[in-house]
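Observations on chain architecture
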Amino acid sequence: MASRAEPEEAGERRDWRDVARDAADLALLGILLVLAAVPLFTAAAAVGTASAAVHDWTRTGSWPSARTTVRRFGRSVLPGVPVSLLGLTAAGLLAADLAALATGRVPGGPVALLVTALVAASLAGYAGLVVVEVGGNGGGRWRAATRSAARACLDAPTRWAALTGVTALAGLLAVLVTPVAVPILAGYTVAALHAVAGRQRFATGAAPTPAHPELP
């Protein structure tokens, strides 16, 4: 993956070729993310590693080396197994609950469906912020990321709401687009989460996330 900092270093303005290169890089990132998450128990490691790569890209203009990315992924697999199981289980239960309410298999009607959908969207927004935070600490420290994301949600509800909107839009697009495009959408979604979180952090005057340490 190329560096987007090169035109700026050369004193040139970015043009459509730079935009196309960034789009291709993010599409490749999404494809690699989905492939790495195929065993399911590696899903958290794949997402964390992709988020760390986007964090580097947005901060420095350059993607991390393949060696750094593979090392991050390898170190994140075991710590990420409980996170993968918890995330997949929660997503499955919420999806089943929404489907049951929508089809009338359980009582509650439109009100219960709306409340459940709002709760699911809010949890997805929080999960999106966790993904951003874990990218800032190297891609594998999920416990620290969940705590910092919870504090950020309480300190800046608008940031939480913005990320909820991103995850909701990504979920809608995942349903509408052809299945072959879903991996590409994954890369764009991670980048959008970082972009919106960074913009909201700047708007609220919060301190920027420090450069992450490598995992021990």
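Analysis parameters
- Residues numbered from 1 in each chain as written.
- Predicted model: local features only at pLDDT ≥ 70, side-chain atom pairs only at ≥ 80, totals over all residues.
- Heavy atoms only, no water.
- Axes fitted to C-alpha atoms, helices over the stretch in contact; angles between N-to-C directions.
- Helix = DSSP H or I, 4+ residues; strand = E, 2+ residues; numbered from the N terminus.
- Parallel < 35°, antiparallel > 145°, perpendicular 65-115°, else oblique.
- Contact = heavy atoms within 4.5 Å.
- Nonpolar A, V, L, I, M, F, W, Y, C, P; charged D, E, K, R; others polar.
- Core = buried A, V, L, I, M, F, W, Y, C linked by side-chain atoms within 4.5 Å.
- Buried < 20%, exposed > 50% of the residue type's maximum accessible area, 1.4 Å probe, protein only.
- Patch = residues over 30% accessible without salt bridge, like charges linked within 9 Å, V, L, I, M, F, W, Y side chains within 5 Å.
- Areas by Shrake-Rupley, 256 points an atom, 1.4 Å probe, with all protein chains shown as cover.
- Salt bridge = Lys/Arg side-chain N within 4 Å of Asp/Glu carboxyl O.
- Left-handed = near helix turned anticlockwise from the far one by under 90°.

A few words now on the packing of helix α5 (residues 109-136) against helix α7 (residues 157-176). Closest axis-to-axis distance for the α5/α7 pair is 7 Å, and the angle between their directions is 100 degrees. Taken together, the axis directions place α5 and α7 in an arrangement best described as roughly perpendicular. The segment α5 lies against α7, with A121, S122, A124, G125, Y126, G128, L129 and E133 engaging R159, W160, L163, T164 and T167. Among the residues making up the contact of α5 with α7, the classes are represented as 6 nonpolar, 5 polar and 2 charged.

Attention now goes to the nonpolar core. In this structure, L129, V130, W142, L163 and L193 are the most contacted members of the largest nonpolar core, which totals 14 residues. By residue number, the principal contributor to this core is helix α6 (residues 142-155), which donates 5 residues. With near-sequence residues (within four places) excluded, L193 lies in contact with G128, V132, L163, V166 and T167. L26, L33, W63 and A191 belong to the second largest nonpolar core, which has 10 residues in total.

This paragraph deals with a nonpolar patch on the surface. Residues L169, L172, L173, V175, L176, V177 and V182 make up a contiguous nonpolar surface patch of about 600 Å² in total accessible area. Top element by residues in the nonpolar patch is α7. It accounts for 5 residues. Along the polypeptide, L169 turns up in helix α7. Using a relative accessible area of 49% as the deciding quantity, one classes L169 as partly exposed.

Right, let's talk about the pattern of salt bridges for a bit. For the structure shown, the criterion picks out 3 salt bridges. Between R21 and D18 there is a salt bridge, and its shortest N-O distance comes to 3.4 Å. Taken as a pair, R21 and D18 lie in helix α2 (residues 16-37) at a separation of 3 residues, close to a single helical turn. For R21, a relative accessible area of 22% corresponds to the partly exposed category. The closest approach of N and O atoms between D56 and R72, which form a salt bridge, is 2.8 Å. Placement of the pair is D56 in helix α3 (residues 43-60) and R72 in helix α4 (residues 66-103), with a sequence separation of 16 residues. By relative accessible area, D56 is classed as buried at 14%.

Relative to each other, α4 and α5 sit at 160 degrees, their axes nearing to 9 Å. The pairing of α4 with α5 is recorded here as roughly antiparallel in orientation. Considering how the two elements wind past one another, α4 and α5 form a crossing that is left-handed. Residues L94, D97, L98, L101 and A102 of α4 pack against A112, L113, T116, A117, A120 and L123 of α5. Class assignment for the residues of the contact of α4 with α5 results in 9 nonpolar, 1 polar and 1 charged.

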